[in-house]
Structures are given as C-alpha cells and as structure tokens.
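Chain by chain, the residues run as shown.
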Amino acid sequence: MLSLFFKSTILCMVILISSAKYSTAAIVGYDDFGRKIVMPNLPERVVLISATPIATIFELGAGDRIVGVPDSIFRSYLSTVRRYPSLLKKPLVGGVGNPNIEKIISLAPDLIICFDSMDSPGKHTRVFERYGIPYASFGIVKDVKHGLEQIRRLGILLGKEKEAKNLTRQIKTEIDELAGQIGAQAKNRPLVYYWGGFGNGTYGRRAAINELIEIAGGVNLAGEFDRQHVELSPEYVISRNPDIIVISYWQEDQQEARVEEIKTRPGFSEVK
C-alpha cells in the first residue's frame, strides 16, 4: 500500500515538473514544418544557416542577437551586408548543406534558424537533432501568404510577435495597394520569363515568383506548370516569345555574365 502511494506521488511529481517545463517556457513557437520549438528563455544568441531571414530579423529589431552567419552572405547577400554592416563582424558557420557544427556549438546558440527542403523535410536539419539545440527550419516561400506566415513565426520565436504583426500588416497593405493600382491599369499584361540563372530553370505556379509577377502586372511564362521549380527548354521559351526576361543571379559580379549568356543563346535575339 505504501509502495503504491509512493509510486503515485512520484508519478504526480513527474507530471507536474513536465507541465511546469512547458507552462513557464518563455517562448513556444513553430517552424515551417509544424515542429514545436520550446525555449525556456528568450533566444539571445541566434545562429543563421541561411541568410534569407536576415533582413526580416533586423526589421523585427532582433538583429543584434545574430552571432553566426552562413559563408554565402558575402557572396550572395552583399546588399544585405551593406545595409547592416554589423554582419561583417559575425563568425561564419558554413552553409545549408555543409554547416560547421564545431563552430556552431562554440557559439553557444539559443536558437539555430536554418533552411530545409519542402519536398524532403529533414534533408538539411537531421544533423542538428543529435545535439539538442533548438532549431527552427524554414523553406522556400510558396506565395505571399506563406511569406507573411514565416515572418509571424519568426516573430513568435524571437519574442517579437507585436513587431511581426506590424511588419506583415505593412507589407500586406503595400502589396494590396500596388496590386490595386496595377490591376486597374493593366490591359495587355506582358508575358514574363523569369530565368533562375542556372541551366534552364525557372519557377512555376507553386512558387512565390509566380504570384509576384502577377501582382506586378505580368503573366508568368511558366505559370501553367503546377510545380515550384521548372526546367524549360530554350526552344520552348523562344516559341512563347516573352515580352520581358527577368534574370536572377546569386552574386553581384555575375550580373553582366548572366545577361550576356541570355543574349548569346541561339534564337534568343529574336524574342521580343
């Protein structure tokens, strides 16, 4: 009887302690993949494996918490570095596919913000599971709504929920106003080919680029394909005869080379 009493008491204590762990947590949020992230305190040391969220984090007023940035930031995000020069002093921690685990651990992060594949969740984040460091994973933005949801999720994780609501409200208002202005004027919408800057890659209906082209008053040449990434042959692009070609590049010094590559592709000198 006494043994049963002690067992019951211990069980109750375990339940109470477990409940207290979550009820007193300062931060409880979710990432893009529905993972619940529980942090006992506000994250003060944030390591970024992807540079994509940096501008948002600064806009939310949490840029001073960044203690590590990806290697690619000085190649692909020079405009971001110029806007937030404090990033120049941050340690480099590798990249999405090759994070420097030893360096990351040495920075004692409270939270790692990383990128993962929407098609293969866990592909780029399994390595963090075994170290027990809280991480939040975000994928490629699918559309404007998804992008705004990402900002709100970041705001919750960083304890900047109010700031995130204000920022998303501001962005949504600007987009709606712009779409309304263009929608009222647009009659003959130009056909737009958005070249991803590698191979023949572009973006289909499931990518945010598709919606942004439409908001800007155009028609995405690859919008008929119900995919995020699409490989279109040069012959197909030429046959569609786009009015506008938008060229993407990952590094600033690639811009002229990418433009020249499109100009010199066989048949592309004939498109509008």
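Our subject is the structure listed above.
Residues numbered from 1 in each chain as written. Predicted model: local features only at pLDDT ≥ 70, side-chain atom pairs only at ≥ 80, totals over all residues. Heavy atoms only, no water.

To continue, consider the sheet that holds strand E3 (residues 46-48). Across the sheet, which stays open at both edges, the four strands sit in the order E4-E3-E5-E6 with parallel pairing between neighbours. The outermost strands of the open sheet, each flanked by one partner alone, are strand E4 (66-68) and strand E6 (135-138). With direction set aside, neighbouring strand axes in the sheet form an average angle of 30°. Packing of helix H7 (residues 144-157) onto the sheet brings it into contact with strand E5 (111-115) and E6, and relative to E6 it is tilted by some 175°. (Pairing = 2+ DSSP bridges. Helix = DSSP H or I, 4+ residues; strand = E, 2+ residues; numbered from the N terminus. Axes fitted to C-alpha atoms, helices over the stretch in contact; angles between N-to-C directions. Contact = heavy atoms within 4.5 Å.)

Moving on: the packing of aromatic side chains. Tallied over the full model, the rule gives four aromatic pairs. Their ring planes at 65° and their centres at 6.1 Å tell us that Phe 225 and Tyr 236 sit as a pair that is edge-to-face. Of this pair, Phe 225 sits in the loop between strand E9 (219-220) and strand E10 (229-231) while Tyr 236 sits in helix H10 (residues 234-240), and the two are eleven residues apart along the sequence. Taking relative accessible area as the criterion, Phe 225 reaches 21% and is therefore assigned partly exposed. For Tyr 236, a relative accessible area of 24% translates into the label partly exposed. When the ring centre of Tyr 135 is taken as reference, the NZ or CZ atom of Arg 35 above it lies at 3.8 Å. A cation over an aromatic ring shows up here: Arg 265 above the ring of Phe 268, its NZ or CZ 5.8 Å from the ring centre. (Phe/Tyr/Trp six-rings, centres within 6.5 Å; stacked < 30°, edge-to-face > 60°. Buried < 20%, exposed > 50% of the residue type's maximum accessible area, 1.4 Å probe, protein only. Lys NZ or Arg CZ within 6 Å of the ring centre and 35° of its normal.)

Let us now look at the pattern of salt bridges. As enumerated under the stated definition, the model contains ten salt bridges in all. The residue Arg 83 makes a salt bridge to Glu 59 at a minimum N-O spacing of 3.0 Å. Here Arg 83, found in helix H4 (residues 78-83), pairs with Glu 59, found in helix H2 (residues 54-59); they are 24 residues apart in sequence, far enough to count as distant. For Glu 59, a relative accessible area of 42% corresponds to the partly exposed category. One salt bridge connects Asp 226 with Arg 206, and the closest N-O pair in it is separated by 3.1 Å. Here Asp 226 is found in the loop between E9 and E10, whereas its partner Arg 206 is found in the loop between strand E8 (201-203) and helix H9 (208-215), with 20 residues between them in sequence. Arg 206 sits in the partly exposed class, given a relative accessible area of 49%. One connected set of salt bridges, linked through shared partners, spans Asp 32, Glu 149 and Arg 153. (Salt bridge = Lys/Arg side-chain N within 4 Å of Asp/Glu carboxyl O.)

The residue Lys 160 is located in the loop between H7 and helix H8 (161-185) in this model. Every residue in contact with Lys 160, bar those within four places of it in the chain, is listed here: Leu 60, Gly 61, Ala 62, Arg 65 and Gly 155.

The next point concerns H9. Every buried residue of H9 is listed here: Ala 208, Ile 209, Asn 210, Ile 213 and Ile 215. For H9, the secondary structure elements touched by its buried residues are H7, H8, strand E7 (191-195), E8 and E9. Once H9 ends, the next one or two residues include Gly 217, with phi positive near 105°.

Below, the discussion takes up the pairing of E7. Regular strands show a simple pattern: their side chains alternate between the two faces of the sheet. Counting buried residues along E7, five of its five residues qualify, which places the element largely inside the surrounding structure. Both E7 and strand E11 (residues 244-247) contribute to a ladder of four bridges, which runs parallel. Following the sheet pairing, Tyr 194 is matched in E11 by Val 246.

With that settled, consider the nonpolar core. Ranked by internal contacts, the top residues of the largest apolar core, which has 30 residues, are Ile 54, Leu 87, Leu 111 and Ile 113. Those elements that place two or more of their residues in this core are strand E2 (36-39), E3, H2, E5, E6, H7 and H8. Of all the elements, H7 adds the most residues to this core, at five residues. With near-sequence residues (within four places) excluded, Ile 54 lies in contact with Leu 48, Val 69, Ile 73, Thr 80 and Leu 87. Listed in part, the twelve residues of the second largest apolar core include Leu 107, Ile 112, Cys 114 and Tyr 135. (Core = buried A, V, L, I, M, F, W, Y, C linked by side-chain atoms within 4.5 Å.)

For the rest of this paragraph, the subject is the sheet that holds E11. Across the sheet, three strands lie side by side as E9-E7-E11; this open sheet has parallel pairing. The sheet is open, and its two borders are formed by E9 and E11, each paired with just one other strand. Sitting on the sheet, helix H11 (residues 255-263) is in contact with E7 and E11, with an inclination near 145° to E11.

Purely geometric numbers; function is a separate question.
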